[in-house]
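Report on the structure
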Amino acid sequence: AQSVTQLDSQVPVFEEAPVELRCNYSSSVSVYLFWYVQYPNQGLQLLLKYLSGSTLVESINGFEAEFNKSQTSFHLRKPSVHISDTAEYFCAVISPSYNTDKLIFGTGTRLQVFP
Amino acid sequence: GAGVSQTPSNKVTEKGKYVELRCDPISGHTALYWYRQSLGQGPEFLIYFQGTGAADDSGLPNDRFFAVRPEGSVSTLKIQRTERGDSAVYLCASSPRQGAYNEQFFGPGTRLTVL
């Protein structure tokens, strides 16, 4: 069975500070990894994804995540956050080996950026 | 263009009643997914369709839950004999085609409250 762990339920940070949101997964087979973001009063949006190839993936708004197979992690980072980054962030996993498209989500991390 | 839409946005019902939740996917998307998000949790997979058929319904919690997509577009999630534990936000997503690597586009959700 697959699972995703997001240990930090809330991460408070000041504007322009760096941030890391942690994600660890458990799977006995290869996986695809995703970060979704949910801004206040909006639906889930894909932020970035790792399918294969380069282990470092980037989003258009300055976030990046690195796939680390040995540590089974896919932490999300941003060197300098903005107020507008305040949102809930969900890490998710799919295994293509299981012939299903169902996303397995973590419990989410609420990023609160203060001025 | 139009995104995934869900109706109603909010539904309040009494224990034991029957409810239907509707999802309109993005036009042309052949894959459609249902998830459930309880308070403080990440989305939990329920079922997904490829075209008119359910490709994976392993997440439906019991036989009170049923979903249909008769014409391969709009989908309805049906819950019989609702229980207080069914209270959650029900999310629908669609994707251009089946495949774990494809982005799932989420709707705003239907908040179901069972009194």
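Rules behind the numbers
- Residues numbered from 1 in each chain as written.
- Chains lettered and ligands numbered in written order.
- Predicted model: local features only at pLDDT ≥ 70, side-chain atom pairs only at ≥ 80, totals over all residues.
- Heavy atoms only, no water.
- Helix = DSSP H or I, 4+ residues; strand = E, 2+ residues; numbered from the N terminus.
- Rg over C-alpha atoms; globule rule 2.2 N^0.38 Å.
- Buried < 20%, exposed > 50% of the residue type's maximum accessible area, 1.4 Å probe, protein only.
- Contact = heavy atoms within 4.5 Å.
- Areas by Shrake-Rupley, 256 points an atom, 1.4 Å probe, with all protein chains shown as cover.
- Buried area = accessible area lost by both parts, 1.4 Å probe.
- Salt bridge = Lys/Arg side-chain N within 4 Å of Asp/Glu carboxyl O.
- Polar contact = N/O pair within 3.5 Å; in protein donor to acceptor, adjacent residues only side chain to side chain.
- Nonpolar A, V, L, I, M, F, W, Y, C, P; charged D, E, K, R; others polar.
- Core = buried A, V, L, I, M, F, W, Y, C linked by side-chain atoms within 4.5 Å.
- Pairing = 2+ DSSP bridges.
- Axes fitted to C-alpha atoms, helices over the stretch in contact; angles between N-to-C directions.

Thoughts on the overall build of chain A
What chain A contains, in helices and strands, is 0 helices and 12 strands. Along chain A, helices and strands appear, N-terminal first, in the series β-β-β-β-β-β-β-β-β-β-β-β. Here chain A has a C-alpha radius of gyration of 14 Å; the compact-globule value for 115 residues is 13 Å, and the two agree. When its C-alpha atoms are laid out on the principal axes, chain A stretches across 45 × 30 × 25 Å. Taken over 115 residues, chain A has a buried fraction of 48%. Considering only contacts within chain A whose residues lie at least 6 apart along the sequence, 57% involve residues at least 24 apart. Counting every atom, chain A has about 5700 Å² of accessible surface; 49% of that belongs to carbon and sulfur.

Some details on unusual backbone geometry
Cis geometry marks the peptide bond from Thr7(B) to Pro8(B); its omega dihedral reads -10 degrees. By secondary structure assignment, the location of Pro8(B) is in the loop between β1 (5-7) and β2 (10-13). Although it is not a glycine, Glu16(A) adopts a positive phi angle of roughly 75 degrees. Judged by relative accessible area, Glu16(A) falls into the exposed class, the value being 62%. Phi at Arg81(B) takes a positive value of approximately 45 degrees, unusual for a residue other than glycine. You can see Arg81(B) is positioned in the loop between β8 (75-79) and β9 (88-95). For Arg81(B), a relative accessible area of 46% gives the class partly exposed.

Topic: the interface of chain A and chain B
On the chain B side, the residues contacting the 20 residues of chain A number 21 residues. Summing both partners gives a buried area of about 1600 Å² for chain A against chain B, and 55% of it is carried by carbon and sulfur. Summed over the three residues of chain A that lose the most area to chain B, namely Leu44(A), Asp101(A) and Lys102(A), the buried surface amounts to 34% of that side. The tally of links between chain A and chain B comes to 0 salt bridges. Scanning the region where chain A abuts chain B turns up 8 residue pairs in polar contact (both at pLDDT 80 or more). Those elements that place two or more of their residues in the side of chain A that touches chain B are β5 (32-38), β6 (44-50) and β10 (87-94) of chain A. Considering each element in turn, the side of chain A that touches chain B owes the most residues, 4 residues, to β5(A). Counted by class, the side of chain A that touches chain B contains 11 nonpolar, 6 polar and 3 charged residues.

Regarding the nonpolar core
Residue and element names in this part refer to chain A. Core analysis: the biggest nonpolar cluster contains 28 residues, and Leu33, Trp35, Leu47, Leu48, Phe74, Leu76 and Tyr89 have the highest contact counts within it. Those elements giving two or more residues to this core turn out to be β2 (10-14), β3 (19-21), β5, β6, β8 (64-68), β9 (73-78), β10 and β12 (109-114). What Tyr89 contacts, discounting residues up to four positions off in sequence, is Gln6, Leu21, Trp35, Tyr36, Val37, Leu47, Phe63, Leu76, Gly108, Thr109 and Leu111.

A short note on the sheet that holds β8(B)
Residue and element names in this part refer to chain B. The strand order β1-β3-β8-β7 describes an open sheet built from 4 strands, whose pairing is antiparallel. Sheet topology places β1 and β7 (65-68) at the edges, where each strand pairs with a single neighbour. Across the sheet, the mean angle separating the axes of adjacent strands is 15 degrees when strand polarity is ignored. Examined bridge by bridge, strand β3 (residues 19-24) and β8 share 5 bridges and lie antiparallel to one another. Residue pairing across strands places Leu21 opposite Leu77, the latter belonging to β8.

Side note on the pairing of β9(A)
Residues and elements named next belong to chain A. Burial of β9 is extensive: 5 of the 6 residues sit out of reach of the surface. Here β3 runs beside β9; their pairing, made up of 3 bridges, is antiparallel. The partner of Glu20 across the bridge, within β9, is Arg77. Strand direction decides the pairing type here: β8 and β9, joined by 5 bridges, are antiparallel. Across the sheet, Ala65 pairs through a bridge with Leu76, a residue of β9. The turn linking β8 back onto β9 is made up of 4 residues, and Thr72 within it adopts a positive phi angle of 45 degrees.

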